[in-house]
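# Residue-level structure breakdown
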Amino acid sequence: MVLYTSPFPNSFLSVLHSFSWGLIFPCYWLADRLVASFVPTTYEKRQRADDPCYFHALCIIITTPIYLALLVASLPFALIGFLLWSPLQSARRPYIYSRLEDKNHANGATLLTEWKAAGNGKSFCFGSANVCLLPDSLARFNNVFNTQARAKEIGRRIRNGASRPQIKIYIDSPTNTSISAASFSSLVSPQGGDNTNRTVNAGIKRTTSMEYKGDNSGSNNSEDSREDKGGPGEPNEGEENTCIVRINGEDNGHMSDAETDTINGQAHASGPAEPSLEGDAEISKTPNHKQKEGDSGSLDSYSASRESLVKVRVGDGTVDQSTVNNKLLYKASIMKKTSVRKKKHTDETFDHEISAFFPANLDFLCLQEVFDKRAAEKLKEQLHHYFEYIVYDVGVYSCHGCCSFKFVNSGLLFASRYPVMDAAYHCYPNGRGTDSLASKGALFLKVQVGSTPQDQRIVGYISCTHLQAIAGDTTVRCEQLDMLQDWLSEFRKSTSSSSTANPEELVAFDVICGDLNFDNCSSEDKLEQQHSLFTHYKDPCRLGPGEDKPWAIGTLLDPEGLYDDEVCTPDNLQKVLESEEGRKGYLVYPTSKNHSSSQKGRKASLKGNGRRIDYMLYTEEGLYLEWKVEVEEFSFITQLAGLTDHLPVAMRLMVSTGEDDP
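Per-chain numbering applies: the sequence of each chain, read as written, is numbered from 1 onward. Since the coordinates come from a predicted model, pLDDT governs what is reported: local features require at least 70, and pairs of side-chain atoms require 80 or more to be given and counted, while whole-chain, interface and lining totals use all residues. Side-chain metrics rest on all non-hydrogen atoms present in the structure, leaving aside hydrogens and water.

## What to know about the pattern of salt bridges
Let me state the cut-off plainly: We define a salt bridge as a side-chain nitrogen of Lys or Arg found within 4 Å of a carboxyl oxygen belonging to Asp or Glu. Each helix is a run of H or I in the DSSP string that is no shorter than four residues. Each strand is a run of E no shorter than two, and both are numbered from the N terminus. Three exposure classes are used, based on accessible area relative to the maximum for each residue type with a 1.4 Å probe and protein chains only: buried under 20%, partly exposed in between, and exposed over 50%.
With the rule as written, the count across this model stands at 23 salt bridges. Taking the shortest distance from any N to any O, the salt bridge between Glu-44 and Arg-48 comes out at 3.9 Å. Linking Glu-44 with Arg-48, this pair stays in helix 2 (residues 42-49), spanning 4 residues, or about one helical turn. Given a relative accessible area of 26%, Arg-48 falls into the partly exposed group. Two residues, Asp-393 and Arg-92, come together in a salt bridge whose shortest N-O distance is 2.7 Å. The residues Asp-393 and Arg-92 share a single accessibility class, namely buried.

## Points about the UniProt feature "transmembrane region" (unreviewed entry) in the protein
To keep it simple, the criterion reads: UniProt positions are given in the numbering used here, feature names are shortened, and annotations may be inferred rather than shown by experiment.
As annotated in UniProt, the feature "transmembrane region" (unreviewed entry) corresponds to residues 12-31 and 52-85 in the numbering used here. The span residues 12-31 is 100% helix and 0% strand, and its two end C-alpha atoms sit 29 Å from each other.

## Concerning the sheet that holds strand 7 (residues 351-355)
Applied cut-off: Strands are treated as partners if at least two bridges between them are detected by DSSP. Angles here are taken between N-to-C directions and fall from 0 to 180 degrees, while the axes themselves are lines fitted to C-alpha atoms, restricted in helices to the stretch in contact.
In space, the 8 strands of this open sheet follow the order 1-9-10-8-2-19-18-7, with mixed pairing throughout. Because the sheet does not close on itself, it has two edges, and the strands there are strand 1 (96-99) and strand 7. With strand direction ignored, the average angle separating the axes of adjacent strands in the sheet is 15°.

## Comments concerning the packing of helix 5 (residues 147-162) against helix 10 (residues 373-383)
Note the cut-off: Orientation is classified from the angle alone, with under 35 degrees giving roughly parallel, over 145 giving roughly antiparallel, 65 to 115 giving roughly perpendicular, and any other angle giving oblique. Handedness of a crossing is defined here by the sense of rotation of the near helix relative to the far one, left-handed for an anticlockwise turn of less than a right angle and right-handed for a clockwise turn. Any two residues having at least one pair of non-hydrogen atoms within 4.5 Å are treated as being in contact. All residues other than Ala, Val, Leu, Ile, Met, Phe, Trp, Tyr, Cys, Pro, Asp, Glu, Lys and Arg, Gly among them, are scored as polar; the first ten of these are nonpolar and the last four charged.
One way to put it is that helix 5 packs onto helix 10 with a least axis distance of 8 Å and a crossing angle of 20°. In terms of orientation, helix 5 and helix 10 fall into the roughly parallel class. When you trace helix 5 past helix 10, the crossing you get is right-handed. On helix 10, the residues touching Thr-147, Gln-148, Ala-151, Lys-152, Ile-154, Gly-155, Arg-156, Ile-158 and Arg-159 of helix 5 are Arg-374, Ala-375, Lys-378, Leu-379, Gln-382 and Leu-383. Of the residues assigned to the contact of helix 5 with helix 10, the class counts are 6 nonpolar, 4 polar and 5 charged.

## Examining the sheet that holds strand 14 (residues 505-515)
Ordered in space as 11-12-13-14-17, the 5 strands form an open sheet in which the pairing is mixed. Whereas interior strands pair on both sides, the edge strands pair on one side only; in this sheet they are strand 11 (420-427) and strand 17 (614-618). Taking the axes of each pair of neighbouring strands and ignoring which way they run, one obtains an average angle of 15° across the sheet. Bridge analysis of strand 14 against strand 17 gives 5 bridges, and the strand direction is antiparallel.

## Some remarks on the nonpolar core
For the record, the criterion: What is meant by a nonpolar core is a set of buried Ala, Val, Leu, Ile, Met, Phe, Trp, Tyr and Cys residues, joined one to another through side-chain atoms within 4.5 Å.
Phe-364, Phe-414 and Phe-509 are the most contacted members of the largest nonpolar core, which totals 93 residues. Here the element with the most residues in this core is strand 14; it accounts for 7 residues. Apart from residues lying up to four places away in sequence, Phe-414 is in contact with Phe-364, Leu-365, Cys-366, Tyr-389, Ile-390, Val-391, Val-420, Leu-443, Leu-445, Val-447 and Ile-462.

## Topic: helix 3 (residues 55-88)
Short version of the rule: To obtain the bend at a residue, axes are fitted to the seven residues ending there and to the seven starting there, and the angle between these axes is taken.
In the structure, helix 3 departs most strongly from a straight axis at Leu-75, where the bend amounts to approximately 40° and where the proline Pro-76 lies between one and four residues downstream. Every buried residue of helix 3 is accounted for by Ile-60, Thr-64, Leu-71, Ser-74, Ala-78, Gly-81, Trp-85, Ser-86 and Leu-88. The inward-facing, buried residues of helix 3 abut helix 1 (11-36).

## Digging into helix 1
Residues spaced three or four apart along an α-helix face the same direction, because each turn holds 3.6 residues. Heads up, the rule is: In this analysis, the expected span of each helix is defined as 1.5 Å times one less than the number of residues it contains. Residues adjacent in sequence count toward polar contacts only when both atoms are side-chain atoms; beyond that, a polar contact is any pair of N or O atoms within 3.5 Å, and within protein one must be able to donate a hydrogen and the other to accept it.
The terminal C-alpha atoms of helix 1 lie 35 Å apart, and with 26 residues this matches the ideal 38 Å at 1.5 Å per residue to within 8%. At Ile-24, helix 1 shows its largest bend, some 35°, and a proline, Pro-26, comes one to four positions later. The complete set of buried residues in helix 1 reads Leu-13, His-17, Ser-20, Leu-23, Ile-24, Cys-27, Leu-30, Asp-32, Leu-34 and Ala-36. If you follow the buried residues of helix 1, they end up packed against helix 3, helix 4 (136-139) and helix 10. Near the N-terminus of helix 1, the side chain that reaches the backbone nitrogen of Phe-12, with its oxygen 3.2 Å away, is that of Asn-10.

## A closer look at the packing of aromatic side chains
Operational definition: To pair, rings of Phe, Tyr and Trp, with the six-membered ring standing in for Trp, must have centres within 6.5 Å; the planes then decide the type, stacked if under 30 degrees apart, edge-to-face if over 60, and tilted in the middle. The rule is short: NZ of Lys or CZ of Arg within 6 Å of the ring centre and within 35 degrees of the ring normal puts a charge over the ring.
Counted by the stated rule, this structure contains 34 aromatic pairs. Ring plane angle 40° and centroid distance 5.9 Å describe the contact between Phe-82 and Phe-405, whose orientation is recorded as tilted. Taking relative accessible area as the criterion, Phe-82 reaches 31% and is therefore assigned partly exposed. Plain terms: the ring middles of Phe-534 and Tyr-615 are 6.2 Å apart, the flat faces sit at 55° to each other, and that makes the pair tilted. Linking Phe-534 in helix 13 (residues 533-536) with Tyr-615 in strand 17, this pair joins segments that are 81 residues apart in sequence. Across this residue pair, the class does not change: Phe-534 and Tyr-615 are buried. Its guanidinium or amino end placed over the ring of Phe-534, Arg-542 lies 4.2 Å from that ring's centre, counting from NZ or CZ.

## Some points on a negative patch on the surface
Basically, it comes down to this: Nonpolar side chains (Val, Leu, Ile, Met, Phe, Trp, Tyr) within 5 Å and like charges within 9 Å form the patches, drawn only from residues with over 30% relative accessible area and no salt bridge. Here the Shrake-Rupley method, with its probe set to 1.4 Å, supplies the accessible areas, and only the displayed protein chains count as covering residues. His is not counted here, nor are the chain ends, while Lys and Arg score as positive and Asp and Glu score as negative. Working definition for charges: the position is that of NZ of Lys, CZ of Arg, CG of Asp or CD of Glu.
A grouping of Glu-479, Asp-482, Asp-486 and Glu-490 is seen on the molecular surface, where their side chains present a negatively charged patch. Within the element layout of this structure, Asp-486 appears in helix 11 (residues 474-495). Its relative accessible area of 47% is what places Asp-486 among the partly exposed residues.

## Overview of the packing of helix 1 against helix 3
Where helix 1 meets helix 3, the closest approach of the two axes is 7 Å, and the angle between their N-to-C directions is 150°. Relative to helix 3, helix 1 is oriented roughly antiparallel. Regarding helix 1 and helix 3, the two cross each other, and that crossing is left-handed. Considered class by class, the residues forming the contact of helix 1 with helix 3 number 24 nonpolar, 5 polar and 1 charged.

## Details of the environment of Pro-545
One can find Pro-545 in the loop between strand 15 (542-544) and strand 16 (547-548). A relative accessible area of 52% means that Pro-545 is categorised as exposed. For the pair Pro-545 and Asp-519, spaced 26 residues apart in sequence, the C-alpha separation works out to 9.9 Å.

Structure, rendered in structure tokens:
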């Protein structure tokens, strides 16, 4: 299958399309600014409350007639442009595939070691987020604004979070979980081309990550993989540049001063941390994106949240934070107070957390609501610092391909560190209400993640979708889930070049990501909860229809509270969401006939931990029979605090191949 690298098959149509959009854009921009001036966000309302001279009201009175006059003057040109633009959409391709040609632009982020399916397996990390990048006037109805600046900052935070070095910590004694902060200070910024595993002789069975401050110029984008069954000191295949910390049960888990000085000396010898690529000047144009002390969301601070720095998995026993070595903590001047977290539900087979960062070594990213074209370009430019392959501007326009007229695309965007082999898009034909104005649908992708010694390709399938959003449209969403399954089955058949007798490809994983716009606890979403999709695909956060696992939390934030000081930074939002009372104040909860619609400050007992409408599903069906796929880690991410009204989610899958090659 040919991947489309331009929206039109020839340059003439591209030029004609650019000309027609140039005629439309002034009218579009003026209308957007005019509406936006009358839809303030809660942040702007607070700012204006402190304005005794009503300066903003005076500006609106002056600018409104000007906007109206220019809007009327631009209408004839917009009409001519629309008459040219609309028929051109019948020749438009359903997506644009962008591959980074200049490898230096990625700052080493795309230097992956090809997986040869040897050893015990390999892990792959998937992320999904609804980023609410609509035209500014429409985004304000979700209480977010300045779409162009948000797009750039969202991309910057994602690639900075994902490009942090991977750190593995092993604790031999489950009863002693104290960790010296100094042992982490030496691992902040690995530099140079040394891709070997570094072991600090300092054992916690947990893969954890910590803040990385830099411009992604180091070789810090290692392939993440799980602990080898043969022992914690033996990495799996493809594991590069992984910092390993071993804490033995001796000496209460603390290192001597001599050991600490040696570690710190090795860190200083590797060079200081580099400054970030972007300054804070441009981001400061958007007030709600202002960096505060301790805000590690964009990784421009030397301090990271204590919860996100050290994450520990212990079998039994308690965590005593008071045992942190104060003497060594003093030496780690760039770190905050470090604490150790124990996984609350020890019966779970994988790690789960609320993290202030996107996972280190993120391999695949699925985004929804990237509707604004200019914002999509800014987002793509930032993501290309880490992801080599991006599929964006997905969807159809005008009346082409769907039953109703489409003003905007699907809003889907896919980014990958692995090459995309095939891609296909389908538009849901049954959208209703305002959702029918967007070409919401499903994007299907096939990626190559490696090859066997027998030259068999190792591939994976990823689907990204966004379902009907209007409450009460249960039947519409169920129909869309039916179409999603049918389209995915057709895509796999049409792109497969293998036969059972002579397989040319080995399928490693099949994952579905996206905003499904229903949760697993609302009484109004019972039909979706019982859909057949969940019999073929597994939801790591779900116990069954109508019941989530105790640790799962909602992904839909209460828009009214986005700019409260308690949640406006990644660290603060992480801390709030870790408490039940905090979740009640800042998450939207499952709907019920017994509860009112007001969410803010509710103290009553509510079902679940919030509306979880952003999903990551995986299946074991249709994969290579000799391989096993299981969840290694699941995360709810707060790094986009203040930038969107959704919580991103991430899932790390381990593909176990066994000791023998396939």
